[in-house]
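One-letter residues, chain by chain:
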Amino acid sequence: MDDIGLPTTGVVWSWTVQTYEPRPPWTPPPGGFEPFAVGYVDLGPVIVESRMGVPGSELHIGMDVELSTCEVPTAHGGTRTVPTFVAAGTEAEVRR
Amino acid sequence: MTDVAIIGLGQHDFGRHGGDVSGLDMGAVAVRRALADAGLSWEDVDYAVGGSKEGKPDALVGHLGLTGVPFASVRNGCATGGVALLTAAHAIQAGEADVAVVVGFDKHERGAFRTSAASYGLGDWYAEAGLLSTPQFFAMKTHRFLYEQGIDPDVLPLVSEKAYRQGSVTPSAWRRKPLTAAEIADAFPTAPPLTQYMLCSPSEGAVAMVLAPAEKARQLTATPVTLAGVSMRTRQFGSFEVFASWLPPGDLVGPTVQAAHAVFERAGIAPTDVDVCQVQDTDAGSELVHLVETGLVASEDIEDLVRAGAFHQDGHLPVNTDGGCLANGEPIGASGLRQVHEVALQLRGDAGVRQVAASPRVGFTHVYGAPGLSACTLLTRD
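Numbering of residues starts from 1 in every chain and runs along the sequence as written. Each chain gets a letter, beginning with A, and each ligand a number, beginning with 1, in the order they are written. Only residues with pLDDT of at least 70 are given local features in this predicted model, and only at 80 or more are side-chain atom pairs given and counted; all residues enter the totals for whole chains, interfaces and linings. As a rule here, side-chain values cover all heavy atoms of the structure and leave hydrogens and water aside.

**Q** I would appreciate a short explanation of the overall build of chain A in the present structure.
**A** Counting from the N terminus, the helices are DSSP H or I runs at least four residues long and the strands are E runs at least two residues long. Within chain A one finds zero helices and five strands. Secondary structure elements of chain A, listed N to C terminal, follow the sequence β-β-β-β-β. Taken over the C-alpha atoms alone, chain A extends approximately 35 × 35 × 25 Å along its principal axes. Exposure categories follow from relative accessible area, calculated using a 1.4 Å probe and restricted to protein chains: below 20% of the type maximum is buried, above 50% is exposed, and the middle band is partly exposed. For chain A, with 96 residues in total, the buried portion stands at 42%. In chain A, 52% of the contacts between residues at least 6 apart in sequence involve partners at least 24 apart. The protein chains shown are the only cover counted for residues, whose accessible areas, like all others here, come from Shrake-Rupley with a 1.4 Å probe. Total accessible area on chain A stands at roughly 5,100 Å², and carbon and sulfur atoms take up 54% of it. The contact criterion used throughout is that any non-hydrogen atoms of two residues lie within 4.5 Å.

Have a look at this one:
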């Protein structure tokens, strides 16, 4: 198997919002649960599922997004970095 | 190969029953009712199959009788009931059994389904990132379907409205209160585009049926229902399933398409022959997606048909006349059998106030489960 690089920009293929606290091993951040968006992003060679750093009120299928990262708590304490996608052209990294 | 008939139907009410009623208790009640309906006793049973996510179906022998009967247990996500039926039908077809009992039951805890990432081949990252949630899949699949078909999301409340109206005339259903489309649309948006009344909830319930070779069935009952076909398929490459962390580009064809095609082909029946049906309505959008994926309805027609009431009890193709998963909740082991139970009642003419007119002769059921499998049945009346 080979590793291949993927585009860092794509188009929202579908999305929704997680509006209630998921079960463990999902771990709430220090401030407690807040709703977050998730979606599928069409990068061209593949469509990936991901956290979305765009509020549900702004998300729409067909929207241009670009790769970013966010930190999520792990079940064993600490955090891990996961991909997220923000509106194309956003400068700042989303920290949610 | 021997033809299979359904000669007994039994069910325990769906809903929330409290701590004194276990999954096994409900399963035993359903089996006893199905046997009574068939005019048989547990001692007559020479093969049994049970399906449950939370429970151990073969433990039912402790409730029903230690006859030593072969009793297989099945776990296939929300498709469990359909696969249990398939397994029992195979035993009859192979000549291994003359009287087979199929039972499905579950008693889920409150709240969303508890799942394990590892059991789906996913790492902890998937759950920690907040992706391990079944409603997300159904919301996103519905969202994409509406977009691709150019369908206005305001059809979704109409699907739920039908479900709760049918639930109000189904004594065994959980949700008995009708709701208007406006109440459904204005409810809390649990997983956009779905509001809380557009998503089924885990619940409790049990269904059982008795199968026999078609020849024997005619001696035992005046109203045998023939199991004209039953099929099951798992996903192939290029399908969009629950907990899919990635998808290939291009057309995505799921196991519902393949399972439905297989059952129509096996039975020699066309989708246009179906008079009454059940399709998996995990959410309001899924009912529409599955009507299209099974080949029952063309994608270009579905929006107009929903608005015209074509899927109502008095419509051209009644769908989920007992309120489906939306009104009954989703006890995983039981739902696939609840679908067959309702369609069989319709074919017998025993559905009471829910009876569809014009003597239905061909019924169809479809169930879908994570991580991507589907089971379909075709039932016919002599």
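**Q** What is the right way to read the packing of aromatic side chains from this model?
**A** The way to describe two aromatic rings as a pair is by their centre distance and the angle between their planes. For Phe, Tyr and Trp, rings pair up if their centres lie within 6.5 Å, where Trp contributes its six-membered ring, and each pair is then called stacked (planes under 30 degrees apart), edge-to-face (over 60) or tilted (otherwise). Tallied over the full model, the rule gives 17 aromatic pairs over all chains. Consider the rings of Y126(B) and F243(B), whose centres lie 6.1 Å apart with planes at 80°: the pair is edge-to-face. Note that Y126(B) is positioned in helix α4 (residues 124–128) and F243(B) in the loop between β6 (225–234) and β7 (246–247), a separation of 117 residues in sequence. Just as Y126(B) is buried, F243(B) falls in that class too. Measuring from centroid to centroid gives 4.9 Å for F137(B) and F240(B), while their planes differ by 70°, and the two rings are edge-to-face. Taken together, the residues span a long stretch of sequence, with F137(B) in helix α5 (residues 134–149) and F240(B) in the loop between β6 and β7 at a distance of 103 residues. There is no split in this pair, since F137(B) and F240(B) are both buried. Ring pairing ties together the aromatic residues W13(A), Y40(A), F137(B), F138(B), F240(B) and Y368(B), which thus form one cluster. Positioned over the ring face of F36(A) is R51(A), at 3.9 Å from the centre of the ring. Only lysine NZ and arginine CZ atoms are considered, and such an atom sits over a ring when it is within 6 Å of the ring centre and within 35 degrees of the ring normal. Positioned over the ring face of W174(B) is R175(B), at 3.8 Å from the centre of the ring.

**Q** Would you mind showing me how to read the interface of chain B and chain A here?
**A** Note: interface size is frequently given as the accessible area lost on complex formation between the parts. Between chain B and chain A, the contact holds 36 residues from the first and 31 residues from the second. Buried area: the sum, over both parts, of the accessible surface (1.4 Å probe) that disappears when the two are put together. Of the roughly 2,900 Å² buried where chain B meets chain A, counting both sides, 58% is carbon and sulfur surface. Of all residues in chain B, E128(B), M140(B) and R144(B) give up the largest surface area on contact with chain A, accounting jointly for 24% of the area buried on that side. Put simply, a salt bridge is a Lys or Arg side-chain nitrogen that is within 4 Å of an Asp or Glu carboxyl oxygen. Linking E128(B) and R80(A) is a salt bridge whose minimum nitrogen-to-oxygen distance equals 2.6 Å. Two N or O atoms count as a polar contact when they lie within 3.5 Å, although within protein this holds only if one can serve as hydrogen donor and the other as acceptor, and sequence-adjacent residues are included solely when both atoms are side-chain atoms. Between the two partners, chain B and chain A, sit 15 residue pairs in polar contact (both at pLDDT 80 or more). Residue assignment for the side of chain B that touches chain A shows that the elements contributing at least two residues are α4, α5 and β7 of chain B. Here the side of chain B that touches chain A takes seven residues from α5(B), the largest share from any one element. Along the lines of polarity and charge, the residues of the side of chain B that touches chain A split into 22 nonpolar, seven polar and seven charged. Strand pairing follows a simple DSSP-based rule, namely that at least 2 bridges must link the two strands. Where strand β3 (residues 47–52) of chain A and β7(B) come together, two bridges link them in antiparallel fashion. Residue I47(A) lies in a different strand from β7(B), and its bridge partner there is L247(B). The residue classification treats Ala, Val, Leu, Ile, Met, Phe, Trp, Tyr, Cys and Pro as nonpolar and Asp, Glu, Lys and Arg as charged. All others, Gly included, are polar.

**Q** Help me understand unusual backbone geometry, please; the structure alone is not making it clear to me.
**A** Excluding glycine, a negative phi dihedral is what most residues carry, and trans is how most peptide bonds are arranged. Residue P25(A) is bonded to the preceding P24(A) through a cis peptide linkage, with omega at 15°. Within the secondary structure layout, P25(A) lies in the loop between β1 (9–18) and β2 (36–42). Looking along the chain, the bond that leaves P192(B) and enters P193(B) is cis, with omega of 10°. Topologically, P193(B) is positioned in the loop between α7 (181–185) and β5 (204–213). The phi angle at N320(B) is positive, at roughly 55°, despite the residue not being glycine. By the element assignment, N320(B) lies in the loop between α11 (302–307) and α12 (324–328). Despite not being glycine, S359(B) shows a phi value in the positive range, around 35°. Within the element layout of this structure, S359(B) appears in the loop between α13 (332–348) and β9 (362–369). S359(B) gets classed as partly exposed once you look at its relative accessible area, which sits at 45%.

**Q** What am I meant to see in the side chain of R338(B) here?
**A** Residue and element names in this part refer to chain B. Positionally, R338 belongs in helix α13. By relative accessible area, R338 is classed as buried at 1%. Residues contacting R338, with those up to four places away along its chain left out, are Q11, F14, V207, Q278, D322, G324, C325 and N328.

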